[in-house]
Amino acid sequence: MTVHSVVFAACAVIVIFGGLGVVLSRNPVHSALNLVATLFAIAVLFLNLDAQLLAAVQVIVYTGAIVVLILFVMMLLGVETEDDLETEPLVTQRIFAVLVGVALVGAVLAVLIIGGASAVTGMHSVTQALQSGTNNVKQLGRELFTTYVFPLEVTAGLLTVAVVGAVVLSRRPKDVQPIPEPESMTDQGDDPLTAPTEEGAH
Amino acid sequence: MTDNLLLFHLGLGAILFAIGGVGLLIRRNPLVMVMCVELMLNAVNLTFVTFGRMLNDISGQVIVFFVLVVAAAEVVVGLGLIVALSRRKPGANADDLRLLRG
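Predicted, not measured: the structure shown is a model, and the values here were computed from it.

The rules we used
- Residues numbered from 1 in each chain as written.
- Chains lettered and ligands numbered in written order.
- Predicted model: local features only at pLDDT ≥ 70, side-chain atom pairs only at ≥ 80, totals over all residues.
- Heavy atoms only, no water.
- Helix = DSSP H or I, 4+ residues; strand = E, 2+ residues; numbered from the N terminus.
- Rg over C-alpha atoms; globule rule 2.2 N^0.38 Å.
- Buried < 20%, exposed > 50% of the residue type's maximum accessible area, 1.4 Å probe, protein only.
- Contact = heavy atoms within 4.5 Å.
- Areas by Shrake-Rupley, 256 points an atom, 1.4 Å probe, with all protein chains shown as cover.
- Axes fitted to C-alpha atoms, helices over the stretch in contact; angles between N-to-C directions.
- Parallel < 35°, antiparallel > 145°, perpendicular 65-115°, else oblique.
- Nonpolar A, V, L, I, M, F, W, Y, C, P; charged D, E, K, R; others polar.
- pLDDT = per-residue confidence, 0-100.
- Buried area = accessible area lost by both parts, 1.4 Å probe.
- Salt bridge = Lys/Arg side-chain N within 4 Å of Asp/Glu carboxyl O.
- Polar contact = N/O pair within 3.5 Å; in protein donor to acceptor, adjacent residues only side chain to side chain.

A. Here's a closer look at the overall build of chain B. Along the backbone of chain B there are three helices and zero strands. In summary, chain B has a C-alpha radius of gyration of 17 Å against a globular reference of 13 Å for 102 residues, an excess of more than 25%. By its C-alpha atoms, chain B is 55 × 25 × 15 Å across when sized along the principal axes. Counting over 102 residues, chain B shows a buried share of 63%. Contacts spanning at least 24 positions in sequence make up 52% of the contacts within chain B whose residues lie at least 6 apart. Carbon together with sulfur atoms contributes 64% to the accessible area of chain B, which is approximately 3700 Å² in total.

B. Representation of the packing of helix H1 (residues 3-24) of chain A against helix H1 (residues 3-26) of chain B in the model. Packing of H1 of chain A against H1 of chain B brings their axes to within 9 Å, and their N-to-C directions diverge by 5°. Between H1 of chain A and H1 of chain B, the crossing angle belongs to the class labelled roughly parallel. Packed against H1 of chain A, whose contacting residues are His-4, Ser-5, Phe-8, Ala-12, Val-15, Ile-16, Gly-19, Leu-20 and Val-23 of chain A, the element H1 of chain B presents Leu-5, Phe-8, His-9, Leu-12, Ile-15, Leu-16, Ile-19, Gly-23 and Ile-26 of chain B at the interface. Here the contact of H1 of chain A with H1 of chain B is built from residues that sort into 13 nonpolar, five polar and no charged.

C. Structural context of the confidence of the model for chain B. Residues and elements named next belong to chain B. In this model, chain B carries an average pLDDT of 90, and 98% of its residues clear a pLDDT of 70 or more. Within chain B, no element has a lower average pLDDT than helix H3 (residues 59-88), which sits at 90, and none a higher one than helix H2 (residues 30-54), at 93. Among the prediction metrics, the complex's ipTM stands at 0.93, with pTM recorded as 0.85.

D. Broad picture of the packing of helix H6 (residues 149-169) of chain A against H3 of chain B. In contact at an axis separation of 8 Å, H6 of chain A and H3 of chain B are set at 10° when each is read in the N-to-C sense. Taken as axis vectors, H6 of chain A and H3 of chain B run roughly parallel relative to one another. Where H6 of chain A abuts H3 of chain B, its residues Pro-151, Leu-152, Thr-155, Leu-158, Leu-159, Ala-162, Ala-166 and Leu-169 of chain A lie against Phe-66, Val-69, Val-70, Ala-73, Val-76, Val-77, Gly-80, Leu-81 and Ala-84 of chain B. By residue class, the composition of the contact of H6 of chain A with H3 of chain B is 15 nonpolar, two polar and no charged.

E. Here's a closer look at the interface of chain A and chain B. In this assembly, 82 residues from chain A lie in contact with 68 residues from chain B. For the pair chain A and chain B, the summed buried surface comes to about 6700 Å²; carbon and sulfur atoms form 79% of the total. Run the count over chain A and chain B and you get one salt bridge. Asp-50 of chain A is the salt-bridge partner of Arg-53 of chain B, the closest N and O atoms lying 3.8 Å from each other. Summed over the shared surface of chain A and chain B, the number is seven residue pairs in polar contact (both at pLDDT 80 or more). For the side of chain A that touches chain B, the elements supplying multiple residues, two or more each, are H1, helix H2 (28-48), helix H3 (52-77), helix H4 (93-115), helix H5 (135-145) and H6 of chain A. Examining the composition of the side of chain A that touches chain B, we find that twelve residues originate from one element, H3 of chain A, more than from any other. Broken down by class, the residue content of the side of chain A that touches chain B amounts to 54 nonpolar, 21 polar and seven charged.

Written out as structure tokens, the structure is:
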């Protein structure tokens, strides 16, 4: 038993039970917390695989940004209701879903068991051979800005589209009506924004 | 690290992917569905890093970088959809997404 094996075993348990927790929790907040555990364990597995930069990015981006964003939306919308997992909206849907999942795992595991290490085919070290230790960060950065510089630029476009899309989607529904003509700046007295508070004071 | 342990990483990735996929199929809360998609993306990330390690190539890790960006964009748009949906109908589930039809 090497250190790598022990770390893998511990993380695999956390990943599987965390994943099941995400799927089976009735409260969405519990799902999010289980997701954090799973993502952390995957970050440790990245360290196990000598991908130091990705482990750090995983913790920062996923648990630090994405899960916090999901939790923020949950709190914004209010999640005091727990989901009802007992009733099945579509009859036998779950059986088929589990069958699909089992078939998926079975297919991949069969390939791995039958093929062994030779199941993974392909040329070795096509772009650049992995360097060990702290060189991982330097190597990844150099690859991103040399070989993969065009995908990196396209990524910038994708992020811009996502931001614009999010802004468009989360507009208030009433904003689709045409904006009225702006009134003159002199009659500040009947500002529609102050009218409800004056009504409430009476 | 031995080849066997790397194969176990691939198997774990497959199991996590299936868990996420089954969750996506059986859950109807859109927030939980987004989280299940995250699970599937992470399973693929794990597989990519393991492949990069098996083939001794840095590209596996570079691709994970791009998957992270796509995941972030997907979460932003997905949560925007969920917020827009919940404004029209609080406590909505995945079936109610048809309310968003223009």
